[in-house]
Amino acid sequence: MAISKTYNPKEVEEKWYANWQQKGFFRSKPNPKKEPYTVVIPPPNVTGVLHMGHMLNNTIQDILVRRARMQGKEACWVPGTDHASIATEARVVAMLKEKGINKADISREEFLTHAWEWKEKYGGIILEQLKKLGASCDWDRTRFTMEESLTEAVLQVFVDLYRKGNIYRGIRMVNWDPAGKTALSDEEVIHKQVNSKLYHINYQIAGEEGNYLTVATTRPETILGDTAICINPNDARYQHLKGKQALVPLINRPIPIIFDEYVDMEFGTGCLKVTPAHDLNDYELGQRHNLPSIDILNDDGTLNSKAQLYVGEDRFIVRKKIAKELEANGQLVKTEDITNNVGFSERTDAVIEPKLSMQWFLRMEKLRDPALSSVMEDQIKLHPPKFKNMYRSWMDNIRDWCISRQLWWGQRIPAYYLPDGSFVVAHNLEEALALAKEQTGNTDLTTADLRQDEDVLDTWFSSWLWPISVFDGFKDPDNADIQYYYPTNDLVTAPEILFFWVARMIMAGLEYRKEVPFKNVYLTGIVRDKLGRKMSKSLGNSPDPLNLIEQYGADGVRTGMLFSSPAGNDLLFDEKLCEQGRNFSNKIWNAYRLIKGWEVNEDLENPNELAIKWFDSKFNAAFEQIEDHFSKFRMSDALMAVYKLVWDDFCSYYLEMIKPAYQSPIDKKTLDATIAFLESILKLLHPFMPFITEEIWQDIKERSDKDYLIIAKWPKADVVDTILLERMEKAMDIVGGIRNVRNSKNIPQTKALSLAIKTQEHSILKPFEALIQKLANITGITYVEENQEGSINFVIGGSEFFIPMEGTVDLEAEKDRLIKELEYTKGFLASVDKKLSNERFVNGAPAQVLEKEWQKKADAEAKIKALEQSIAAFD
RNA sequence: GGGGUGUUAGCUCAGCUGGUUCAGAGCACCUGCCUUACAAGCAGGGGGUCACUGGUUCGAAUCCAGUACGCCCCA
């Protein structure tokens, strides 16, 4: 039989994924006999392609889901995508542009037709990619935030919250994205330190030719929108300007000089130009001092007619031009280089323009309180818990949520304006008309008189309903799915969206189901490159995930990602991790190859009872640990524990212990036990490495049609014989001692040695003789009373071990080695004695600790005695 | 500037309420091995003043305070 020496993931992965799907193992429906286990996917953007963050995130979800499925729960992982209004709209606009179509020239309906076409064509890519990773989602349940049912949910919630008085319309300073031509929420703005110039500009004092004050600004183009100069009332330098006016350069518009403690006397010149329409702080200042706001910018970032100058030109071009012009007429005093914080659009990377505009807002205070306490009181647990503090501080400082976006791709706000400028909010046009008639008393109104709001809702306004809407919990609040699957169990997501997604889902869940939407939130880190830089397209430092899967196999990549990603910590990704994952696959593969290759001889006795007993205990001990890691969401640690169990305990020790000589048959009992162990191991490995494990599971023996690892029963905790584990450890220490001697003396493993033991623990060691002989290639073990001449010896515990050497042994070197060890042990004993002679320690320490100290003392004394005897034998 | 969080081996991290040989793991590194499951491997090994300073304690990587540096969030 020819099984390849290395594991080839490719066909295996395609084969089993198709098979699992065809058998319907991913599908879930409510089953009252089983405990539900539900996960909703953080919906990736429809525009998205799989990146390393998705890989990590979805691997973790898949591990949780597969384990739950094997634990006999009704596991349901709901996949889907969100419509990502800004990103998608930008993508569609760009696509149309390439075709020579300008968005401004087509109607909303035409645009949406194009957008839907685009979505149908490209929107599913990311989900297809997830399949390559092995994600065991219930694909029949795939949802999309803009599909009909989810849209209905959004509108229903909007109307409901409006009627409860939680949604209002207001003029606010918003973050305006001039490239996307829409308002953004605070969370969609990324602040970066950039190098800028600080322009010092002279403003003439009105009526005082030749008298100037100087302001410092990074944005000279906004002077055209200035409506005041502000000075700190405590600033001695400028007291003479009280009650005067200044002239805006170039246009000579007079503006008042006002005084307010807001101004930082240290910054710039201490004179602040106030542009209420284009800066949040200036806006608030303007409110306090009743200043007018002059909005000089168009939505696309060009200047409008109110600026008077440079109309139609872009703000950054104007900045340069205006600086030149000011310089030419002598009003530019100087420029200096500074670094300052500038906001950029998360989606388009355009510089954000603070802008006054009419927007829709959702009031947060009422929704906030229960959502805050559900986390603080651990109804929802964050993993790792350090995020609790962050959550609280954000919730404490929460501000109203700007939910309108000036886009077409999204759910259109269900507000309908009447000819008189008032509006109604309704689920649909008919209802709006009825309301309008009622509100105005005008029964002649027709639908033609109503004009629906042009804006759409923020994408998060759909996503925050996700755990409910994917089960149609708004349309049909009592349906079987929502009753069974909600609340979901675990949510796996990134900390950067803890607030604007996770927190809002909690609010929506509590508001609409009176129940938290999930019980645990596992926060993954950010995947960075090995230099610690965030992976990004522009840096080109992100590997192509599908390419990685191609190279290392999905199992290899999954384990690679997990090897180094404790919850909440960033993952410094290095392809070497995937290599390690692939190597692990190969190790498993070869263990299987070894076992598969054995022939049984039914007549043979089982010589491996001890080894089998030992591994059984070892497995159970490891299993206990692994379960503990899982219960704390320590996935990396769980994987590492499995890794060591497989590699060290199963392969390096157990298989070596039971392995028959080359081409010799094995007895039936050992083989059966070994296959059973392999199966148990495969179970523990399956959530991490679904493909290779299913392949081996199916191949190691005949299976029935329904016998698949993916649905096999997760192991149960069983008895651990700790005494046996301890004794085996001691026996393996002896093996280690012998191997050490071989290494230091350059004796190859193939050369058999003999061993003499001087010990009080004869009866304990005796049962392990065969194992020691096999693993250390020892031909015979004898027990002796006297030290052995011409041997190399070592001490473990209170026992001495002698390996007779051919030829001469370097006596001096051996003696020195032993003396060193003796010294160390004596030092150790001294420290223990010191503790034990300390009255306060003896009185203060718990009995357990004391007992251990006495044990240490006894062990050290025994070892010292043995060492001293060995050393004495040299003389 | 405010808040959070962290600093343990070359790298990534464990180390729970102070007390086992507690200074650990994986990777990397070094040495020797192509020993018929696996060189994508086997066997062995070296490596850290637990950021710094002080305090509490019989006892501190662990608790407290301060300092330095880093990261995150907010302004």
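For clarity, every value in this text was computed on a predicted model and none was experimentally measured.

Draft legend 1. Expanded view of the protein's contact with RNA strand B. Within the structure, RNA strand B sits among 43 residues, and Ser564, Asn590, Arg593, Arg840 and Lys856 are positioned closest to it. Backbone atoms, meaning sugar plus phosphate, form 65% of the atoms of RNA strand B positioned within 4 Å of the protein. Contacts to RNA strand B include Arg593, whose side-chain N or O atom sits 2.5 Å from a sugar or linking oxygen. The side chain of Asn743 places a nitrogen or oxygen atom 3.1 Å from a sugar or linking oxygen of RNA strand B. In the surface near RNA strand B, the residues fall into 14 nonpolar, 16 polar and 13 charged.

Draft legend 2. View of the nonpolar core. Ranked by size, the top nonpolar core spans 188 residues in total, and within it Leu362, Tyr391, Phe461, Trp464, Phe650 and Tyr654 carry the most contacts. Excluding its chain neighbours within four sequence positions, the residues that come into contact with Trp464 are Val157, Leu161, Leu362, Leu367, Trp401, Trp501, Arg504, Met505, Met507 and Ala508. Membership of the second largest hydrophobic core comes to 30 residues, among which are Val215, Tyr238, Phe259 and Leu297.

Draft legend 3. Broad picture of the domain arrangement of chain A. Here chain A is described as being made up of domain 1 (9-143 + 462-526), domain 2 (190-347), domain 3 (545-720) and domain 4 (737-872). The straight-line distance from the C-alpha centre of domain 1 to that of domain 3 is 31 Å. Counting from both sides, the interface comprises 38 residues of domain 1 and, opposite them, 42 residues of domain 3. Between domain 1 and domain 3, the buried area comes to about 3700 Å², and carbon and sulfur atoms account for 71% of it. The tally of links from domain 1 across to domain 3 stands at five salt bridges. A salt bridge links Lys23 to Asp705; the nearest nitrogen and oxygen atoms lie 2.9 Å apart. Scanning the region where domain 1 abuts domain 3 turns up 12 residue pairs in polar contact (both at pLDDT 80 or more). Secondary structure elements with two or more residues in the side of domain 1 that touches domain 3: α1 (9-23), α2 (52-70), α5 (125-133) and β23 (520-523). Looking at which element gives the most residues to the side of domain 1 that touches domain 3, the answer is α2, with 12 residues.

Draft legend 4. Structural detail: the environment of Val832. With respect to the helices, strands and loops of the structure, Val832 is situated in helix α25 (residues 811-837). Taking the C-alpha atoms as reference, Val832 lies 8.2 Å from Trp854; in sequence the two are 22 residues apart. Once residues lying within four places of it in the same chain are set aside, the contact partners of Val832 are Glu853, Lys856 and Lys857.

Draft legend 5. Summary view of the sheet that holds β23. Spatial strand order, β15-β23-β22: three strands in an open sheet with parallel pairing. The open sheet has two free edges, formed respectively by β15 (381-383) and β22 (490-493), since each of these has just one partner strand. The mean angle between the axes of side-by-side strands here comes to 20°, regardless of whether they run parallel or antiparallel. The pairing of β22 with β23 spans four bridges and is classified as parallel. The residue of β23 that forms the bridge with Thr493 is Leu523. Here helix α15 (residues 498-512) sits on the sheet and contacts β15, β22 and β23; the angle it forms with β22, its principal contact strand, is near 165°.

Draft legend 6. Structural detail: the pattern of salt bridges. Applying the stated criterion to the full structure yields 46 salt bridges. Here Arg237 makes a salt bridge to Asp235, at a shortest N to O gap of 2.8 Å. On the basis of relative accessibility, which here comes to 44%, the residue Arg237 falls in the partly exposed class. Look at the salt bridges and you will find they share partners, linking Arg219, Glu221, Arg315, Arg319 and Glu353 into a network.

Draft legend 7. Broad picture of the packing of helix α17 (residues 575-596) against helix α20 (residues 668-685). Following both chains from N to C, one finds α17 and α20 inclined at 160°, their axes separated by 11 Å at the closest point. Relative to α20, α17 is oriented roughly antiparallel. When the axes of α17 and α20 are compared, the crossing they make is left-handed. Counting all contacts with α17, which are made through Phe584, Ile588 and Ile595, the residues of α20 involved are Leu671, Thr674, Ile675, Leu678 and Leu685. Looking at side-chain class alone, the contact of α17 with α20 contains seven nonpolar, one polar and no charged residues.

Draft legend 8. Helix α9 (residues 365-376), seen in detail. In this model α9 runs 16 Å from its N-terminal to its C-terminal C-alpha over 12 residues, within 8% of the 16 Å that 1.5 Å per residue would give. For α9, the complete set of buried residues consists of Leu367, Arg368, Ala371, Leu372, Ser374 and Val375. Buried positions in α9, seen along its axis, are confined to an arc of 160° and lie on one side of it. Residues of α9 that are buried make contact with β14 (353-362), β15, α10 (387-396) and α15. Following α9 by one or two positions, Asp378 has its phi on the positive side, about 70°.

Procedures and definitions
Residues numbered from 1 in each chain as written. Chains lettered and ligands numbered in written order. Predicted model: local features only at pLDDT ≥ 70, side-chain atom pairs only at ≥ 80, totals over all residues. Heavy atoms only, no water. Near = heavy atom within 4 Å. Polar contact = N/O pair within 3.5 Å; in protein donor to acceptor, adjacent residues only side chain to side chain. Nonpolar A, V, L, I, M, F, W, Y, C, P; charged D, E, K, R; others polar. Core = buried A, V, L, I, M, F, W, Y, C linked by side-chain atoms within 4.5 Å. Buried < 20%, exposed > 50% of the residue type's maximum accessible area, 1.4 Å probe, protein only. Contact = heavy atoms within 4.5 Å. Domains from an automatic or database assignment. Buried area = accessible area lost by both parts, 1.4 Å probe. Salt bridge = Lys/Arg side-chain N within 4 Å of Asp/Glu carboxyl O. Helix = DSSP H or I, 4+ residues; strand = E, 2+ residues; numbered from the N terminus. Pairing = 2+ DSSP bridges. Axes fitted to C-alpha atoms, helices over the stretch in contact; angles between N-to-C directions. Parallel < 35°, antiparallel > 145°, perpendicular 65-115°, else oblique. Left-handed = near helix turned anticlockwise from the far one by under 90°. Expected span 1.5 Å × (residues − 1). Arc of directions from axis to C-beta.

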